[in-house]
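Commentary on secondary and tertiary structure
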Amino acid sequence: MQNAEVFSDIGNNLRMIQCLRSIALDLIKFLAQLEDFQKKLWTKKKFVAQKDYLISVDYLESDQLKTVCQNERQIAQWKRLGVISTGNLKPDVLAQYKGLTVDTSLFDIDFKNLLLNQIDNLSQKINGTLISGDNFQALRFLEGKYKNSIDAIYIDPPYNTDASAILYKNDFKDSSWLSFMESRLEVANRLMKPSTLISVAIDDEEVSALRLLMNNLFPKEAGVGVVKVNPQSRKTKGKFSPVHEYALFYGNSSDSQPASIGYDEAKLDRYPLEDDQGRYAWMNFIRAGSNDKRSDRPKLYYPIVVTERGQMRVPKMAWNDLNQCYDVLEDIAAGEVLVYPDKFEDGVKIEKNWQRGNVRVATEYNEYRVRKNNEGEISIDFKTRMDANALPTTWWDKKEYASANFGAAQLKDLFGEKNFDFPKAKGLVKNAILACIGKEHDEKVVLDFFAGSGTTAQAVSEIRREINPEAKFIIVDQGEYFDTLIKPRVQKVNFCSSWKNGKPVNSSDGLSSIFEVIKLESYEDALNNLELNNPKADLFENNPEFKDDYLLNYMLDVESRGSLLSTDDFKKPFDYTMKIAVDSAGAFKEQKIDLVETFNYLVGLTVKHMDAQPERGFVTVTGTLPNGETCLVLWRDCEKIDYEGLNKLCDKLALNPADNEFDVVYINGDHNIPTVLSQTADEGGETRVLKLRQIEPEFLERMFAEEEI
């Protein structure tokens, strides 16, 4: 009887365990669905919530300058920037300030479109891109256009210490910090060319872990620079006070080679003399150091003839292999002396070597001089020349690298106040970039996805002025200081290279520029716009077992589809809106989303020309795809431009298989445009096919692609 009760309890416990197991498995299924859905929202390419431009005034026509002079918001912005002091501007005066940039966000959409419509080869004329958004999302966003295209990357990520208050979480545990860095570096790596170098600033806290990560992600470590950034040192307890940090340089192949960054005043001091071949210093021609004895390299022990007038020459001679010396084959004239590389120490002669071989010396006598001291002893010196193109060393100690001394001071010169903690010194960032891209005059795109105070943008602007006018930048940050610091800094340094107490010193060196300013949808925006549309009540009425499976595995994906993006939204693409956050507190507003620019980046379109006429119901964008195909993207309001209207518009654009200049054409909405033209034998018997694609499936496929995540 007692055994029966025990077995009964065991059976009850087993049934309870089975029940709990069933509940746990269902819970795991639901959590897996939830995690997969969260990943889908996170990895989804993000919309361009807003795109505007900063366009220097030299791109504007005279009537457009009049409009600008009448825009009070633009005048007020320029006054805040310190680029003008009066609001009474005339177009002819405005036109003199080449570096003054017009902010299209301060004008209506018609004025913005008018400006863009008149600029050909728009993408090629972009000098910089400013992206406001999470850097992982921004890197994913850039993939379509910049995969294998970026020439250099410079980043100054959070150092994982409590020394600085920055927006990104700055007190990760090691593993979390490495995961944070790895996710971004993996995507950044896909943007790099095989020859590209990435430079990462880091301090002792995470340098060891970061080097392990970088060695795993990048095949080549090009170098590690130890940078003297804080000469006064940082206070610590019980440890050495650090004055340095590191600049790590990595690349994807043997083609990832560092470039020269020039020289400093200390190096110039070591080479005080100059001739038509460059700077040099005199040095004794007798070798010192390793391999300096005759026995080490016998052929470097040879005589040099010195005449009475102090001139020198190499005599005729031949190598005697048996005796391991040179035999002189000419008679030495009276008054001439044979000089060997001999030194005497304590009265003992030591036979040493010359610095160079006799064949070379005989071809460059102007590189040498003869000296006699008061005792008549003869010495020979040679010109040791400064290598102006020497590769960077591992010790970076120029005074302008000291961010503690120069970073904040440079920002104060720009803005008249301290408005950012721990900014990098411009000189340090500039030389780190030059070590990656060199000084050649060709297009170089520099990416920084931890933009911080915007030092990279200023460094590239300085490189444009001084070294390479085709240098460009892409900077990314998500801080609220994007609009109050980064963007104004770009505008200021474009207007003038030198500032003091927030005022321009000289406005004559302004740059002709176009900058694009992009604000991306955030992960939180995606959540705010999420809506679940419940299925009809009778959907599972006769199949309740399907309902459980649906709830546990498919509900979130199915019921959220319409709220993320639906094909119906493409019927009126210029009116698509989303709730977009306007501050960190969570406030949001409904605003139009730029589907046109989002698609341009999704397909990687290099824009040649844009004709934006949304008031007439269409926008056309022409350009080149990454594979080199010419492309036309035609957006239309399907209610304003129906089938018949589309055919008329296509006739106007010469869009047909018989006469078409584009390899690929994208159009939104349904249409009846012919894509194949067959000719008779008399007409040539040719069949032409127009690659006509619908925007909707291409847009959705690229936006939700999760490859390589």
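Residues numbered from 1 in each chain as written. Predicted model: local features only at pLDDT ≥ 70, side-chain atom pairs only at ≥ 80, totals over all residues. Heavy atoms only, no water.

Turning our eyes to something else, we now look at the overall build of the chain. Scanning the chain from N- to C-terminus turns up 22 helices and 33 strands. The buried share of the chain, taken over its 709 residues, is 47%. In the chain, once contacts between residues fewer than 6 apart in sequence are set aside, the share between residues at least 24 apart is 73%. (Helix = DSSP H or I, 4+ residues; strand = E, 2+ residues; numbered from the N terminus. Buried < 20%, exposed > 50% of the residue type's maximum accessible area, 1.4 Å probe, protein only. Contact = heavy atoms within 4.5 Å.)

Taken as a whole and assessed by the stated rule, the structure comprises 27 aromatic pairs. Pairing Tyr302 with Trp354 gives two aromatic rings, centres 6.4 Å apart and planes at 55°, and the pair type is tilted. One end of the pair, Tyr302, is in the loop between strand 9 (278-284) and strand 10 (304-306); the other, Trp354, is in the loop between strand 16 (348-351) and helix 11 (358-361), and 52 residues separate them in sequence. This pair shows no difference in class: Tyr302 is buried, exactly as Trp354 is. Positioned above the aromatic ring of Tyr601, the side-chain terminus of Lys145 is 5.0 Å from the ring centre. (Phe/Tyr/Trp six-rings, centres within 6.5 Å; stacked < 30°, edge-to-face > 60°. Lys NZ or Arg CZ within 6 Å of the ring centre and 35° of its normal.)

Every second residue of strand 25 (residues 577-581) is oriented toward a common face, the buried set being Met578 and Ile580 and the non-buried set Thr577, Lys579 and Ala581. For strand 25 and strand 26 (residues 588-592), the ladder comprises five bridges, and the chain directions are antiparallel. Residue pairing in the sheet places Met578 in a bridge with Gln591 of strand 26. (Pairing = 2+ DSSP bridges.)

What follows covers the nonpolar core. Counting residues in each nonpolar core, the largest one holds 79 residues, and the members touching the most others are Leu185 and Phe449. Per-element tally for this core: the top contributor is helix 13 (residues 426-437), with eight residues. Tyr53, Leu116, Phe570 and Leu605 belong to the second-largest nonpolar core, a separate cluster that totals 63 residues. (Core = buried A, V, L, I, M, F, W, Y, C linked by side-chain atoms within 4.5 Å.)

For the rest of this paragraph, the subject is the sheet that holds strand 33 (residues 691-694). With respect to topology, five strands assemble into an open sheet ordered 27-28-29-30-33, the strand pairing being mixed. Here the strands that pair on one side only, and so sit at the sheet edges, are strand 27 (606-613) and strand 33. Here the strands of the sheet are splayed against their neighbours by 15° on average, with no regard to which way each runs. Here strand 29 (residues 630-636) pairs with strand 30 (residues 664-667) via four bridges, running parallel. Bridged to Cys631 within strand 30 is Val664. Along the sheet face, helix 20 (residues 595-602) touches strand 27, strand 28 (618-624), strand 29 and strand 30 and points at about 155° away from the line of strand 29. Sheet strands touched by helix 21 (residues 643-652): strand 28, strand 29 and strand 30. Its angle to strand 29, the strand with the most contacts, is close to 145°. (Axes fitted to C-alpha atoms, helices over the stretch in contact; angles between N-to-C directions.)

Moving on to unusual backbone geometry. One non-glycine residue with positive phi stands out, namely Asn148, at about 55°. Taking the relative accessible area as the measure of exposure, Asn148 reaches 45% and is therefore partly exposed. A positive phi angle, near 55°, is found at Asn291, a position not held by glycine. The topology assignment puts Asn291 in the loop between strand 9 and strand 10. Since its relative accessible area comes to 45%, Asn291 is described here as partly exposed.

Further remarks concern the pattern of salt bridges. Evaluation of the coordinates by the stated rule reveals 42 salt bridges. Between Glu245 and Lys424 there is a salt bridge, with the nearest N and O atoms lying 3.0 Å from each other. Note that Glu245 is positioned in strand 7 (residues 244-251) and Lys424 in the loop between helix 12 (403-415) and helix 13, a separation of 179 residues in sequence. In terms of burial, Glu245 and Lys424 fall into one category: buried. Two residues, Glu364 and Arg360, come together in a salt bridge whose shortest N-O distance is 3.0 Å. Each member of the salt-bridge network shares a partner with another, and the members are Lys572, Asp575, Lys592, Asp637 and Glu639. (Salt bridge = Lys/Arg side-chain N within 4 Å of Asp/Glu carboxyl O.)

It is worth spelling out the confidence of the model for the chain at this point. Keep in mind that low pLDDT regions are not for reading the predicted coordinates in detail. Mean pLDDT over the chain works out to 87, with 89% of the residues at or above the 70 mark. When pLDDT is averaged over each helix and strand of the chain, the minimum, 58, is found for strand 31 (residues 676-678) and the maximum, 98, for strand 20 (residues 444-448). (pLDDT = per-residue confidence, 0-100.)

Further remarks concern the environment of Ser461. On the secondary structure map, Ser461 appears in helix 14 (residues 455-466). When the C-alpha positions of Ser461 and Asn494 are compared, they lie 7.0 Å apart, and in sequence the two are 33 residues distant.

This paragraph deals with the packing of helix 14 against helix 15 (residues 481-495). Between helix 14 and helix 15, whose axes approach to 9 Å, the crossing angle comes to 20°. On the basis of their axis angle, the class for helix 14 and helix 15 is roughly parallel. The interaxial crossing formed by helix 14 with helix 15 has right-handed handedness. Seen from helix 14, the contacting residues are Thr455, Ala457, Gln458, Ser461, Arg464 and Arg465; seen from helix 15, they are Arg489, Val490, Val493, Asn494 and Phe495. Class assignment for the residues of the contact of helix 14 with helix 15 results in four nonpolar, four polar and three charged. (Parallel < 35°, antiparallel > 145°, perpendicular 65-115°, else oblique. Left-handed = near helix turned anticlockwise from the far one by under 90°. Nonpolar A, V, L, I, M, F, W, Y, C, P; charged D, E, K, R; others polar.)

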